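Architecture and fold: a report
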Amino acid sequence: RLNFDTSFTGRDRLRTRLQARNMPALQTATGTDMARLAFQGNNQNDIELSRLEYVFPIGDAEIYISPTGASLNDFANTLNPFLSGSGEGSISRFGQRNPIYRQGGGAGFGVEYEFSDAVLLSVGYAAESAELPAIGLDDSAYGPIAQLTFKFSKTAGVGLTYVRSYNSLDTGTGSSRANDPFADTSQAVIGNSLGLQTAIGLTSDIAVSGWLGLTEASANDLT
């Protein structure tokens, strides 16, 4: 993985990421995404553009635009300070963040507005295959997110999260029932997800964090 970071004003950042991987899929061998690693993936070591993003401030807001490689966790703080990364962080995929942050990815945009040092509002939208003209934003699997983050101190905070997804329940994390509750019989699955994230920093190197998540799924094409 190679990141090229460019700034035009000193406050913005354009990131271009090139990546190649050749990591076996443990979920294939074990039969469950519960065994999936955070950093695995296989493109036969071909170098590809895995992320293109531009982040810049406007007043008290930070704007995020990404034509490819976006995830909902890019728009909101997952409150898992040491383990949230894929290149470094948790070894397991489940240990990275609340799985509801994975209900949307691909092309996306988001805004984080700072009401004060203690309260932030984050909103974003990510859609799979939106870069293909035949699919676009309307027909892609997608996931909008809204989150209120409360910072009680520099090392402690709580996040309240809502995600409404379309055909994006398969997060590649956890059980097959959680990822596909209708056993591949529906092509129009709506998910309404609520999340609670917390983090408390004990020292500069030690933090306690955790989350709760609940998803209500419905199939619009089944009776």
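Starting afresh in each chain, residues are numbered from 1 along the sequence in its written order. Predicted model: local features are reported for residues with pLDDT of at least 70 only, side-chain atom pairs are reported and counted for 80 or more only, and whole-chain, interface and lining totals are derived from all residues. Each side-chain value is derived from all of the structure's non-hydrogen atoms; neither hydrogens nor water enter the calculation.

Numbering of helices and strands runs from the N terminus, with a helix taken as a DSSP run of H or I at least four residues long and a strand as a DSSP run of E at least two residues long. Along its length, the chain carries three helices and 10 strands. Mapped in sequence order, the helices and strands of the chain form the string β-β-α-β-β-β-β-α-β-β-α-β-β. Along the three orthogonal principal directions, the C-alpha set of the chain runs to about 45 × 35 × 35 Å. By the burial criterion, 37% of the 223 residues in the chain qualify as buried. The contact definition used throughout considers only heavy atoms, calling two residues in contact when any of these lie within 4.5 Å. Partitioning the contacts of the chain with sequence separation of at least 6, the portion at a separation of at least 24 is 56%. Using the Shrake-Rupley algorithm and a 1.4 Å probe, accessible areas are obtained, with residue cover drawn only from the displayed protein chains. By element, 57% of the accessible surface of the chain is carried by carbon and sulfur atoms, the whole surface being about 12400 Å². The sign given to each residue is positive for Lys and Arg and negative for Asp and Glu; His and the chain ends receive no count. We put the charge of a Lys on NZ, of an Arg on CZ, of an Asp on CG and of a Glu on CD. Measuring between centres, the 15 positive side-chain charges of the chain sit 6 Å from its 23 negative side-chain charges. A simple rule labels every residue: compare its accessible area, found with a 1.4 Å probe on the protein chains alone, to the largest value its type can have, and call it buried under 20%, exposed over 50%, or partly exposed in between.

Across the sheet, which stays open at both edges, the 10 strands sit in the order β1-β2-β3-β4-β5-β6-β7-β8-β9-β10 with antiparallel pairing between neighbours. If you trace the sheet from one side to the other, it starts and ends with β1 (2-6) and β10 (207-219), each paired once. When the angles between neighbouring strand axes are averaged without regard to direction, this sheet yields 15°. The criterion for strand pairing is that DSSP finds at least two bridges linking the strands in question. Looking at chain direction, strand β5 (residues 105-114) and strand β6 (residues 119-127) are connected through eight bridges and run antiparallel. Counted as the bridge partner of Glu114 is Leu120 from β6. Only the stretch in contact is used when a helix axis is fitted, and all axes are lines through C-alpha atoms; the angle between N-to-C directions ranges over 0 to 180 degrees.

Each Phe, Tyr or Trp ring, with Trp reduced to its six-membered ring, pairs with another whose centre is within 6.5 Å; inter-plane angles below 30 degrees give stacked pairs, above 60 give edge-to-face pairs, and intermediate values give tilted ones. Under the defined criterion, the tally for this structure stands at eight aromatic pairs. Here the aromatic residues Phe109, Tyr125, Tyr142 and Tyr166 are joined through ring pairs into a cluster of three or more.

Turning our attention to the pairing of β6. Connecting β5 to the next strand, β6, in antiparallel fashion are four residues. Pairing analysis gives nine bridges linking β6 to strand β7 (residues 142-151), with the strands arranged antiparallel. Its bridge partner being in β7, Leu121 is matched across the sheet by Leu148.

So, about the side chain of Ser122. Structurally, Ser122 can be placed in strand β6. According to the relative accessible area criterion, Ser122 is buried, its value standing at 1%. With residues near it in sequence (within four places) discarded, Ser122 still touches Phe75, Ala76, Val111, Glu112, Ile145, Ala146 and Gln147.

Turning to unusual backbone geometry, a few remarks are in order. With a phi angle near 65°, Asn45 is a residue other than glycine that sits in the positive phi range. The exposure class assigned to Asn45 is partly exposed, which follows from its relative accessible area of 46%. The phi dihedral of Asn167 falls on the positive side, at around 55°, and the residue is not glycine. As for its placement among the helices and strands, Asn167 is situated in the loop between β8 (156-166) and α3 (176-179). Classification of Asn167 as partly exposed rests on a relative accessible area of 31%.

We now examine the pairing of β7. For β7 and β8, the ladder comprises eight bridges, and the chain directions are antiparallel. Along β8, the bridge assignment pairs Ala146 with Tyr162. If you look at the hairpin formed by β7 and β8, you'll find four residues sitting between the two strands.

For side chains bearing opposite charge, pairing can occur when the charged atoms are close. The term salt bridge refers to a side-chain nitrogen of Lys or Arg lying within 4 Å of a carboxyl oxygen of Asp or Glu. Per the stated rule, a full pass over the model turns up four salt bridges. Arg13 serves as the salt-bridge partner of Glu53, at 2.3 Å between the closest nitrogen and oxygen. One end of the pair, Glu53, is in strand β3 (residues 48-58); the other, Arg13, is in strand β2 (residues 13-19), and 40 residues separate them in sequence. For the salt bridge of Glu53 with Arg51, the shortest nitrogen-to-oxygen distance reads 3.6 Å. Owing to a relative accessible area of 2%, Glu53 belongs among the buried residues under this scheme. Among the residues examined, Arg51 registers a relative accessible area of 13% and is labelled buried. Each of the salt bridges in this network shares a partner with another, and the network as a whole consists of Arg13, Arg51, Glu53 and Asp74.

Everything listed is a geometric property; what it means functionally is a separate question.
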